[in-house]
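# Survey of secondary and tertiary structure
What follows is the residue order along each chain.
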Amino acid sequence: MCKFLGALGKSIWPELLGAQGKVAEETIERENTGVDAVIVPEGSMVTTDFRCDRVRVWVAKNGIVTRIPTIG
């Protein structure tokens, strides 16, 4: 599936659960330059496709990360 991910950096960020979404987005893109972190408000509809270059950062209305960000 995404064989090259290990060479590019991290693929999961459990430490960002509860962080500010913008901070999480910047941290993810700094720690893995091969992904694009996208802030997504909870309740939003998204596609179900798996992408090796995407990390969704789910946030509550107050901007706090509500799910552990992972590649997908």
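Above this text you will find the structure in question.
Not measured: the values here are computed from a predicted model. (Residues numbered from 1 in each chain as written. Predicted model: local features only at pLDDT ≥ 70, side-chain atom pairs only at ≥ 80, totals over all residues. Heavy atoms only, no water.)

This next bit is on the packing of aromatic side chains. Under the criterion given, the structure shown has 0 aromatic pairs. Its guanidinium or amino end placed over the ring of Trp58, Arg67 lies 3.9 Å from that ring's centre, counting from NZ or CZ. (Phe/Tyr/Trp six-rings, centres within 6.5 Å; stacked < 30°, edge-to-face > 60°. Lys NZ or Arg CZ within 6 Å of the ring centre and 35° of its normal.)

All of the buried residues along helix 2 (residues 21-31) are Gly21, Ala24, Glu25, Thr27 and Ile28. Seen along its axis, helix 2 keeps its buried residues to an arc of 170 degrees; they face one direction. In the core, the buried residues of helix 2 are packed alongside strand 1 (36-41) and strand 2 (54-59). (Buried < 20%, exposed > 50% of the residue type's maximum accessible area, 1.4 Å probe, protein only. Helix = DSSP H or I, 4+ residues; strand = E, 2+ residues; numbered from the N terminus. Arc of directions from axis to C-beta. Contact = heavy atoms within 4.5 Å.)

Residue position: Thr70 is located in the segment after strand 2. For the pair Thr70 and Val55, spaced 15 residues apart in sequence, the C-alpha separation works out to 5.6 Å.

Taken as a whole and assessed by the stated rule, the structure comprises 6 salt bridges. Of the charged contacts in the structure, one is a salt bridge between Glu42 and Arg67, with a shortest N-O distance of 3.0 Å. Placement of the pair is Glu42 in the loop between strand 1 and strand 2 and Arg67 in the segment after strand 2, with a sequence separation of 25 residues. Note on Glu42: relative accessible area 35%, which makes it partly exposed. A cluster of three or more residues bridged by salt bridges with shared partners is formed by Lys10, Glu15 and Glu31. (Salt bridge = Lys/Arg side-chain N within 4 Å of Asp/Glu carboxyl O.)

Let's shift gears to the nonpolar core. Among the nonpolar cores identified, the biggest contains 12 residues, and these are Trp13, Leu16, Ala19, Ala24, Ile28, Val35, Ala37, Val55, Val57, Val59, Val65 and Ile71. Looking at this core, the elements that each hand over two or more residues are helix 2 and strand 2. With 3 residues, the top contributor of residues to this core is strand 2. Among residues more than four places away in sequence, those in contact with Val59 are Gly21, Ile39, Val40, Pro41, Glu42, Ile64, Val65 and Thr66. (Core = buried A, V, L, I, M, F, W, Y, C linked by side-chain atoms within 4.5 Å.)

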